[in-house]
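Structural characterization, general
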Amino acid sequence: MKKHHIETLIPKEDVRDRIRELGAEITRFYKEKGAENLVVIGLLRGSFMFMADLVRSIDIPLEIDFMTASSYGNSMETSHDVKINKDLDGDIYHRHVLIVEDIIDTGCTLQKIREILQLREPASLQICTLLDKPFRREVEVPVKWAGFPIPDEFVVGYGIDYAQYYRNLDYIGKVVIEE
Ligand code: 5GP
């Protein structure tokens, strides 16, 4: 790890409030759709904290499942090589599926995961991300709900890591490298 410090980008109160709003919007959307239940899929490891808070704000019967995909390794550099390391435990055929992601950058990870899950013929497939870097997008991904658009900074906290550290921060911070 390079010498660095963390600066607050989104304070914990803002994260908490926004997640409650997202939960309410998601609940409304699926109720209007007439969905009786849904499967919420968290992409590990980054989404674990967001997922835990988000599902507590969704007021519809739901199941949870997890998938692990890797694209970054331990560095701050992006890589377009997306690998599925752990697949879902359950079946999503004809189910309403909500994918929960920590952050969308180039869009490559989610595009790949969407492709894989679409083949299993869910009744619907939507994406909710806590953070979105819209200016970094290289492939189009239909994101239904995004918590916060953020600038092109390397962020940590609230589940998101730098070399596996900082996932436990209860706010979103940015990594400032000290030259
Ligand atoms: P994408 O495939 O959209 O380029 O990248 C998505 C994944 O890249 C995220 O799930 C996350 O693991 C990682 N990522 C993108 N931006 C950041 C960032 O600012 N900080 C960290 N720690 N990971 C990031």
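- In the annotation of an unreviewed UniProt entry, the entry for the protein reads Hypoxanthine phosphoribosyltransferase, and the organism field reads Actinobacillus delphinicola.
- What the UniProt record of the protein gives under Subcellular location (unreviewed entry) is the line "Cytoplasm".
- For the protein, the Sequence similarities (unreviewed entry) comment in UniProt is given as "Belongs to the purine/pyrimidine phosphoribosyltransferase family."

Observations concerning the environment of Met1
- Topologically, Met1 is positioned in the segment before strand S1 (4-10).
- Using a relative accessible area of 58% as the deciding quantity, one classes Met1 as exposed.
- In contact with Met1, other than residues within four places in its own chain, are Tyr162, Ala163 and Tyr165.

Describing the site of the ligand
- The local shell around the ligand holds 16 residues, among which Thr106, Gly107, Thr109, Lys133 and Asp161 are the closest.
- Between the ligand and Val155 there is a distance of 2.9 Å, counted from a nitrogen atom to a backbone nitrogen or oxygen.
- For the ligand, whose free accessible area comes to 510 Å², the fraction covered by protein is 91%.
- Of all elements in the fold, only strand S5 (96-104) and helix H3 (108-118) reach the threshold of two or more residues within the shell around the ligand.
- For the shell around the ligand, the element with the most residues is S5, which contributes 4 residues.
- The residue makeup of the shell around the ligand, split by class, is 7 nonpolar, 3 polar and 6 charged.

Section: the pattern of salt bridges
- Following the criterion strictly, the structure yields 16 salt bridges and no others.
- Close ionic contact of Arg95 with Glu63 constitutes a salt bridge, the shortest N to O distance being 3.0 Å. Of the two residues, Arg95 sits in the loop between strand S4 (83-86) and S5 while Glu63 sits in strand S3 (residues 62-70), which places them 32 residues apart along the sequence.
- Two residues, Arg136 and Asp105, come together in a salt bridge whose shortest N-O distance is 2.6 Å. Of this pair, Arg136 sits in the loop between strand S6 (124-132) and strand S7 (145-149) while Asp105 sits in the loop between S5 and H3, placing them 31 residues apart in sequence.

Parameters and conventions
- Residues numbered from 1 in each chain as written.
- Predicted model: local features only at pLDDT ≥ 70, side-chain atom pairs only at ≥ 80, totals over all residues.
- Heavy atoms only, no water.
- UniProt positions renumbered as here; feature names shortened; annotations may be inferred.
- Helix = DSSP H or I, 4+ residues; strand = E, 2+ residues; numbered from the N terminus.
- Buried < 20%, exposed > 50% of the residue type's maximum accessible area, 1.4 Å probe, protein only.
- Contact = heavy atoms within 4.5 Å.
- Near = heavy atom within 4 Å.
- Polar contact = N/O pair within 3.5 Å; in protein donor to acceptor, adjacent residues only side chain to side chain.
- Areas by Shrake-Rupley, 256 points an atom, 1.4 Å probe, with all protein chains shown as cover.
- Nonpolar A, V, L, I, M, F, W, Y, C, P; charged D, E, K, R; others polar.
- Salt bridge = Lys/Arg side-chain N within 4 Å of Asp/Glu carboxyl O.

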